[in-house]
Amino acid sequence: MSGTKPLGVGFAGAGPVTQAIHLPTLAHLPDLFTPACVMDVNADLAASVAASAGARHTNSLETMLADPSVDVVAICSPQQFHADQAIAAMRAGKKAVLCEKPLANTADEARAITQASLETGVPVIVGTMHVFDPAWRALQETLGDLPTRARSIRSSIVLPMNDRFENWATEVTGRPEAAWSMPGQMTPDLIRQIFHGLILGLAVHDLPLVRTFLPDWRDLEIWSARQLQPFGYLIAGQAGGRAVQLAGTMHGHGEAYWDLDVVTDVEALRIRFTPSYVHGGSAVAMLTDATGAVRQIGPFDRNGYVEEWRAVHRAVRGAVHGDAHAPPDLATIADDFDFVMDVAAKASEQAIGELS
Amino acid sequence: MSLPLSIAAESPLLQQRLAKTLATLPQSFRAEGDAATAKAVLIAGSGDWATRAALAIETGARAVIVTDPGITEPDAVLALADRADEAGVVVELAERYAGDPTLLRHRPDLIQHLAATSTILISQVGDFATPADAALDMVRTLRALGQTLHVTHIWQTTHCVVVRGTAADKLFEGIATASSAGTSQQIEALGFGRTLRLSLRGDGSARPSDLRLANAKGERRLPQVFESVDRAALLRTLTAVRNGRPENEALRQFADDIATIRSL
């Protein structure tokens, strides 16, 4: 028991992310958090989700922010609303904001969020769950100078469609219709939109981890960027002489493969993550050295979702200086987002260049 | 019962490698001390291996096995193929990845499953002589999987090479990283209804590679083959010699693949 009253959580958005990720996660942490309010523009959906969580509901963000039982706001709405809602929550004097990835839709919006956090002192935690994965966290404490010696970094995300794991995580109410349509003729604007969506929607999960191994990430050069059918990307490039490959796609069968591979002159690191939504435990990290010895970290019984909420709690209650489990600071959050936007921009320009 | 085929290594360095394999084939082969008198000769696939293999044919070899063949002059490989055909000599390639016995055993199945995929990715880790050799290893694996590759780009960093192209209607991208942390080649073939994940060991041992297929029924691993690349190559050589019908088309494909890499 923490000995203090659980923090009340208000949810901005009542869709599958709230239902299948955050409400089941908070059920793991009853001493730390309690669902207080669910807000959605769809009032019926808000009421339904709130009822099952034992929370109040509203279709107004202002009403939720005025609710004194809401200590922490979880931004689980579409990304174009993240900045306005996160900033409003901070200005309303909430104790912390957990913002689902991506942090924002544009670089300006991201800067506005971090600026508001700086001005109000309200911590922002971005819901990139792999950053908080216990195996990744434990690995970081043992990596030493490995990140500075990486020769290649490869992120490979090959997943079933989300509904498969959503249905294992909860009984989803009011799932939004999938808006699938094959694009017509490729134009530069359409390619920018597609890569923006792919990078901010899927690649974003692991880009903060990829950046860990790219000290010269601001010099990123994209050699190749291609779309994968029906939904995905395949991107290759380099930064500071380190080769980077990013692959992500979703498929119609049930197997999930989610790997991050890093190779140095004398080590090969593979981190295999569990799928989104389900509480399937942490990643497993395998570090092989030149003698063939393999060091394994994980699996742990908890995943990054639980740990990101613990980080929210620590941020509110006050993290101890030097706490290895403290959430990333604002500068790191800003750099992570800049990297995401840089990848999206350079990949789309490379893909556009290949049109001609 | 057929007489064992006499075999020698071209150099003392290869002798130990050959001895390990011969110990598993005591009835089929007989070690010969002198390469000049052996019917089969093991050649290292470094440097001007095609020229050295042709020389072995001139000195009377009826079969030549090339271990880990790398980049060399494509014209020399074509000349070797012509000379081998003319002399009725078997030339067998013992390729680290493309010659993987588990992969070759399941090749027909894999080719069939690959038809249902749209993207092939290769990630290779291990020491390589040159970036071109690493690129060749990846291209050769695709060749072994029945994919006719059109390589369009190669990029390099100091320790990596990235190859991009297409294999018929599939996208292909491969990345090789020089490292002493093991030797392996991972192939991921991605399709909406099917994923293939092939993990080739490439360390010369008989430990089987891991080949997995996933579709709507779930993931399954293909049966293992506990056989080394060298042993499988020697057995293919023996069969070809005994059948008396050498087939050296693979050499011409190898020359094509080198030329493709060299053209970029």
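How each quantity is defined
Residues numbered from 1 in each chain as written. Chains lettered and ligands numbered in written order. Predicted model: local features only at pLDDT ≥ 70, side-chain atom pairs only at ≥ 80, totals over all residues. Heavy atoms only, no water. Helix = DSSP H or I, 4+ residues; strand = E, 2+ residues; numbered from the N terminus. Rg over C-alpha atoms; globule rule 2.2 N^0.38 Å. Buried < 20%, exposed > 50% of the residue type's maximum accessible area, 1.4 Å probe, protein only. Contact = heavy atoms within 4.5 Å. Areas by Shrake-Rupley, 256 points an atom, 1.4 Å probe, with all protein chains shown as cover. Lys, Arg positive; Asp, Glu negative; His and termini not counted. Charge placed at Lys NZ, Arg CZ, Asp CG, Glu CD. Buried area = accessible area lost by both parts, 1.4 Å probe. Salt bridge = Lys/Arg side-chain N within 4 Å of Asp/Glu carboxyl O. Polar contact = N/O pair within 3.5 Å; in protein donor to acceptor, adjacent residues only side chain to side chain. Pairing = 2+ DSSP bridges. 1 Å grid on protein atoms, 1.4 Å probe; cavity = no way out; pocket = protein on both sides within 12 Å on 5 of 7 lines; lining within 4 Å. Points joined across faces, edges and corners; volume = space filled by probe spheres on them. Axes fitted to C-alpha atoms, helices over the stretch in contact; angles between N-to-C directions.

### Description of the overall build of chain A
Turning to step 1, where the next piece is worked out: Summing up its helical and strand segments, chain A has 11 helices and 14 strands in all.
Turning to step 2, where the next piece is worked out: Computed over C-alpha atoms, the radius of gyration of chain A comes to 20 Å, within 12% of the 21 Å expected from 2.2 N^0.38 for 356 residues, which places it in the range of a compact globule.
Turning to step 3, where the next piece is worked out: When the 356 residues of chain A are sorted by exposure, 56% land in the buried category.
Turning to step 4, where the next piece is worked out: A fraction of 70% describes how many contacts in chain A between residues 6 or more apart in sequence connect residues 24 or more apart.
Turning to step 5, where the next piece is worked out: Accessible surface, chain A: about 14,100 Å² in total, of which carbon and sulfur atoms supply 53%.
Turning to step 6, where the next piece is worked out: Once the 26 positive and 40 negative side-chain charges of chain A are each reduced to a mean point, those two points are 4 Å apart.

### What to know about the interface of chain B and chain A
Turning to step 1, where the next piece is worked out: Taken together, the 37 residues of chain B in the interface contact 44 residues of chain A.
Turning to step 2, where the next piece is worked out: Where chain B abuts chain A, roughly 3,000 Å² becomes buried across the two surfaces, and 59% of that area is made up of carbon and sulfur atoms.
Turning to step 3, where the next piece is worked out: Of all residues in chain B, E173, F192 and R197 of chain B bury the most surface against chain A, accounting for 19% of the area lost on that side.
Turning to step 4, where the next piece is worked out: Taken together, chain B and chain A are joined by 4 salt bridges.
Turning to step 5, where the next piece is worked out: Across the salt bridge formed by R154 of chain A and E188 of chain B, the nearest N and O atoms sit 2.5 Å from each other.
Turning to step 6, where the next piece is worked out: Applying the counting criterion to the chain B and chain A interface returns 16 residue pairs in polar contact (both at pLDDT 80 or more).

### Topic: the pairing of strand β12 (residues 210-215) of chain B
Residues and elements named next belong to chain B.
Turning to step 1, where the next piece is worked out: Note that strand β11 (residues 195-200) and β12 share 5 bridges and pair antiparallel. For S199, the partnering residue across the bridge sits in β12 and is D210.
Turning to step 2, where the next piece is worked out: By the bridge criterion, 4 bridges tie β12 to strand β13 (residues 218-221) in an arrangement that is antiparallel. Counterpart to N215 in the pairing with β13 is G218.
Turning to step 3, where the next piece is worked out: Two successive antiparallel strands, β12 and β13, enclose a turn made up of 2 residues.

### Concerning the environment of V64 of chain B
All names here are of chain B.
Turning to step 1, where the next piece is worked out: Along the chain, the position of V64 falls in strand β4 (residues 63-67).
Turning to step 2, where the next piece is worked out: A C-alpha to C-alpha distance of 14 Å links V64 and D82, two positions 18 residues apart in sequence.
Turning to step 3, where the next piece is worked out: Residue contacts for V64: discarding those within four places in its chain leaves V41, I43, A53, A56, I57, V90, V91 and E92.

### Let's talk about the layout of surface pockets
Turning to step 1, where the next piece is worked out: Reported here for the second largest pocket is a volume of approximately 1,300 Å³.
Turning to step 2, where the next piece is worked out: Around the second largest pocket, the lining comprises 45 residues; the ones closest to its centre are R270 and T288 of chain A together with S184, Q186 and S199 of chain B.
Turning to step 3, where the next piece is worked out: The dominant element in the lining of the second largest pocket, judged by the number of residues it contributes, is strand β11 (residues 257-263) of chain A, at 5 residues.

### Re unusual backbone geometry
Most of the time, phi is negative for any residue but glycine, and the peptide bond is trans.
Turning to step 1, where the next piece is worked out: Cis peptide bonds are those with omega within 30 degrees of zero, and the linkage from Q229 of chain A to P230 of chain A qualifies with 0°.
Turning to step 2, where the next piece is worked out: With respect to the helices and strands, the residue P230 of chain A is situated in the loop between β8 (221-227) and β9 (232-239).
Turning to step 3, where the next piece is worked out: Each neighbour pair has its own omega, and for G298 of chain A with P299 of chain A the value is 5°, a cis peptide bond.
Turning to step 4, where the next piece is worked out: Locating P299 of chain A in the fold gives a position in the loop between β14 (294-297) and α10 (304-317).
Turning to step 5, where the next piece is worked out: For D68 of chain B, which is not glycine, the phi dihedral falls at a positive 45°.
Turning to step 6, where the next piece is worked out: Structurally, D68 of chain B can be placed in the loop between β4 and α3 (74-87).
Turning to step 7, where the next piece is worked out: The class of D68 of chain B is partly exposed, set by a relative accessible area of 27%.

### Side note on the sheet that holds strand β3 (residues 40-44) of chain B
Residue and element names in this part refer to chain B.
Turning to step 1, where the next piece is worked out: Pairing is parallel in the open sheet, where 5 strands are placed in the order β2-β1-β3-β4-β5. The sheet terminates laterally at β2 (29-31) and β5 (90-94), the two strands that pair on one side only. Across the sheet, the axes of successive neighbouring strands diverge by a mean angle of 25°, strand direction being ignored.
Turning to step 2, where the next piece is worked out: Pairing geometry for β3 and β4, over 5 bridges, is parallel. When the bridges of β4 are listed, L42 appears paired with I65.
Turning to step 3, where the next piece is worked out: Packing of helix α1 (residues 12-22) onto the sheet brings it into contact with β1 (5-9), β2, β3 and β4, and relative to β1 it is tilted by some 150°.

### Focus on the side chain of D210 of chain B
Residues and elements named next belong to chain B.
Turning to step 1, where the next piece is worked out: For D210, the location among the structural elements is in strand β12.
Turning to step 2, where the next piece is worked out: In terms of polar contacts, D210 uses its side chain to reach the side chain of R212, at 2.5 Å.
Turning to step 3, where the next piece is worked out: A polar atom in the side chain of D210 sits 3.4 Å from the side chain of R221.
Turning to step 4, where the next piece is worked out: When residues no more than four places from it in sequence are discounted, the contact partners of D210 are R197, L198, S199 and R221.

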